[in-house]
Amino acid sequence: MSAGQAVGEAAGAASPSALPRVLSALFYGTCSFLIVLVNKALLSAYSFPSPMFLGIGQMAATILILYVSKINKIVHFPDFDKSIPLKLFPLPLIYVGNHISGLSSTSKLSLPMFTVLRKFTIPLTLLLEIIILGKRYPLSIVVSVFAIILGAFIAAGSDLSFNLEGYTFVLLNDIFTAANGVYTKQKIDPKELGKYGVLFYNACFMVIPTVIISFSTGDFQQATHFQQWTNFLFVFQFILSCLLGFLLMYSTVLCSHYNSALTTTVVGAIKNISIAYIGMLIGGDYIFSMLNFIGLNICMAGGLRYSFLTLRGNSKPTQPRDEENALRESHS
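Residues numbered from 1 in each chain as written. Predicted model: local features only at pLDDT ≥ 70, side-chain atom pairs only at ≥ 80, totals over all residues. Heavy atoms only, no water.

An unreviewed UniProt entry annotates the chain as Solute carrier family 35 member D2 of Strigops habroptila. On record in UniProt, under Subcellular location (unreviewed entry), the comment for the chain is "Membrane". (UniProt positions renumbered as here; feature names shortened; annotations may be inferred.)

Written out as structure tokens, the structure is:
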């Protein structure tokens with residue numbers, strides 16, 4: 001057997017089949033899409049003033065669902081001990097940073113420029129996977145990733161406004177998002193905490209600082225004094241958002257488990273482009289620009305090309321140690 005065949009077989013044996021990878025990516029994309037619609041209704045249609053309180057509700061739903069599931073032996077994850085914070089670190093800090101920088105950046109920039117700068121999460125994820133997880137990606141995947149970035153720049157070409165504070169917050173948000181995806185991939189190893197352990201303990205550690213920040217900024221007080229709590233439809237959509245928050249966290253971990261952190265990030269980008277396309281047709285607030293339209297199509301082409309390469313198997317990142325083991329076996 002040749003060294004090349006040994007590497008290929010080792011990679012094939014280590015990676016899951018195409019169906020779980022596709023289904024987990026579709027599940028994540030659907031949850032991500034639906035929570036945008038529900039949150040948009042809560043924060044815009046109902047003018048709910050407290051996005052951080054909404055985040056607390058989503059964390060509380062995650063803790064409650066997983067705790068009840070563990071008691072009923074539906075899911076399994078380690079009981080709490082002194083080693084849990086060390087095993088989980090630095091995920092809770094990254095998530096809180098991601099949450100705060102995300103809320104701060106949205107209001108500081110125009111939507112087109114915000115969309116462009118958020119796309120930098122993709123190359124940052126690729127870079128962190130190479131540094132932290134020791135992965136390698138072929139040139140075809142790197143080209144697809146940078147096609148998405150190029151398309152985003154072209155789409156926002158008519159709106160290249162500069163806001164230092166906004167740029168700083170959104171780039172911090174990119175770094176936190178990329179780090180969250182890569183470290184989640186690392187921590188969901190069954191030898192560590194597993195998928196459910198990461199979700200449960202991350203939510204437990206995140207909810208306390210988020211509540212403190214919510215109180216100190218007045219966000220919590222605004223939520224408790226909100227007038228629509230007697231409105232059945234509002235309460236229903238708030239609960240739905242909390243459940244979707246849990247499903248989004250779960251689907252993110254699931255997609256990262258079956259795929260790479262980079263694939264999860266690209267699926268999120270494709271979802272955002274899809275929302276832009278839908279906005280053109282039914283939103284009413286999309287202002288058509290040829291430059292913007294061309295850029296969106298380049299973004300989508302890069303995303304679809306990445307998806308095709310992933311399904312075909314060209315994007316399976318190789319671990320240096322796997323290659324060494326395969327080569328050693330081929331010589332034995």
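**Student:** So what exactly am I meant to see when it comes to the overall build of the chain here?
**Tutor:** Summing up its helical and strand segments, the chain has 15 helices and 0 strands in all. For the chain, with 332 residues in total, the buried portion stands at 43%. Excluding contacts between residues fewer than 6 apart, the proportion of contacts in the chain whose partners are at least 24 apart in sequence is 86%. For the chain, the exposed area adds up to about 16,800 Å²; of that, 69% sits on carbon and sulfur atoms. (Helix = DSSP H or I, 4+ residues; strand = E, 2+ residues; numbered from the N terminus. Buried < 20%, exposed > 50% of the residue type's maximum accessible area, 1.4 Å probe, protein only. Contact = heavy atoms within 4.5 Å. Areas by Shrake-Rupley, 256 points an atom, 1.4 Å probe, with all protein chains shown as cover.)

**Student:** Please clarify how the packing of helix α7 (residues 121–132) against helix α9 (residues 164–187) should be interpreted in this entry.
**Tutor:** For any two helices packed against each other, the geometry comes down to the angle between their axes and how far apart the axes lie. Where α7 contacts α9, the axes come no closer than 8 Å and their chain directions differ by 40°. Compared by their axis directions, α7 and α9 come out oblique. In this structure, α7 crosses over α9, and the sense of that crossing is right-handed. For the pair α7 and α9, the contacting residues are T121, L124, T125, L128, E129 and I132 in the first and D174, I175, T177, A178, A179, V182, Y183 and Q186 in the second. Class assignment of the residues belonging to the contact of α7 with α9 gives a composition of 8 nonpolar, 4 polar and 2 charged. (Axes fitted to C-alpha atoms, helices over the stretch in contact; angles between N-to-C directions. Parallel < 35°, antiparallel > 145°, perpendicular 65-115°, else oblique. Left-handed = near helix turned anticlockwise from the far one by under 90°. Nonpolar A, V, L, I, M, F, W, Y, C, P; charged D, E, K, R; others polar.)

**Student:** Can you help me understand the pattern of salt bridges in this one?
**Tutor:** Considering all chains together, one arrives at 2 salt bridges under this definition. Put simply, D79 and K70 hold a salt bridge, and the shortest N to O gap is 3.1 Å. Between K135 and E129 there is a salt bridge, with the nearest N and O atoms lying 3.8 Å from each other. The buried category is assigned to E129, whose relative accessible area is 0%. (Salt bridge = Lys/Arg side-chain N within 4 Å of Asp/Glu carboxyl O.)

**Student:** Would you mind going over the packing of α7 against helix α8 (residues 139–155) with me for this structure?
**Tutor:** Contact geometry for α7 and α8: axes closest at 9 Å, N-to-C directions at 150°. When the axis of α7 is compared with that of α8, the two are roughly antiparallel. In contact with I122, P123 and L126 of α7, α8 contributes V142, V145, F146, I148 and I149. In the contact of α7 with α8, the residues fall into 8 nonpolar, no polar and no charged.

**Student:** Just checking my understanding: could you explain the environment of A60 for this structure?
**Tutor:** Examined against the element boundaries, A60 turns out to sit in helix α3 (residues 51–71). For the pair A60 and C242, spaced 182 residues apart in sequence, the C-alpha separation works out to 8.0 Å.

**Student:** Explanation requested: helix α10 (residues 194–217) in the structure shown.
**Tutor:** Each turn of an α-helix holds 3.6 residues, which means side chains three or four residues apart point in the same direction. Taking 1.5 Å per residue, 24 residues should reach 34 Å; α10 reaches 34 Å between its end C-alpha atoms and fits that length. At V207, α10 shows its strongest bend, of approximately 25°, with the proline P209 following within four residues. When α10 is considered as a whole, its buried residues turn out to be G194, G197, V198, L199, F200, Y201, N202, A203, M206, V207, T210 and S214. Looking one or two residues past α10, G218 carries a phi angle of roughly 85°, positive in sign. (Expected span 1.5 Å × (residues − 1). Bend = angle between axes of the 7 residues up to and from the residue.)

**Student:** Just checking my understanding: could you explain the environment of L64 for this structure?
**Tutor:** Mapped onto the elements of the fold, L64 is located in helix α3. In this structure, the C-alpha to C-alpha distance between L64 and F246, residues 182 residues apart in sequence, is 9.9 Å.

**Student:** Hey, could you run me through the packing of aromatic side chains in this one?
**Tutor:** The geometry of two aromatic rings is summed up by the distance between their centres and the angle between their planes. One pass over the full model with this rule turns up 23 aromatic pairs. An angle of 70° between the planes, with centres 6.2 Å apart, marks the rings of F27 and Y250 as edge-to-face. Note that F27 is positioned in helix α2 (residues 18–45) and Y250 in helix α12 (residues 232–258), a separation of 223 residues in sequence. On the basis of relative accessibility, which here comes to 27%, the residue F27 falls in the partly exposed class. Taking the centre distance of 5.6 Å and the plane angle of 45° together, the rings of F48 and F234 count as tilted. Of this pair, F48 sits in the loop between α2 and α3 while F234 is found in helix α12, placing the two residues 186 residues apart along the sequence. Classification of F48 by relative accessible area gives buried; the value is 3%. By way of ring pairs, the aromatic residues Y46, F48, F53, F215, F220, F226, W229, F234 and F238 are connected into one cluster. The positively charged end of K70 is found above the aromatic ring belonging to F77, 4.7 Å away from the centroid. (Phe/Tyr/Trp six-rings, centres within 6.5 Å; stacked < 30°, edge-to-face > 60°. Lys NZ or Arg CZ within 6 Å of the ring centre and 35° of its normal.)

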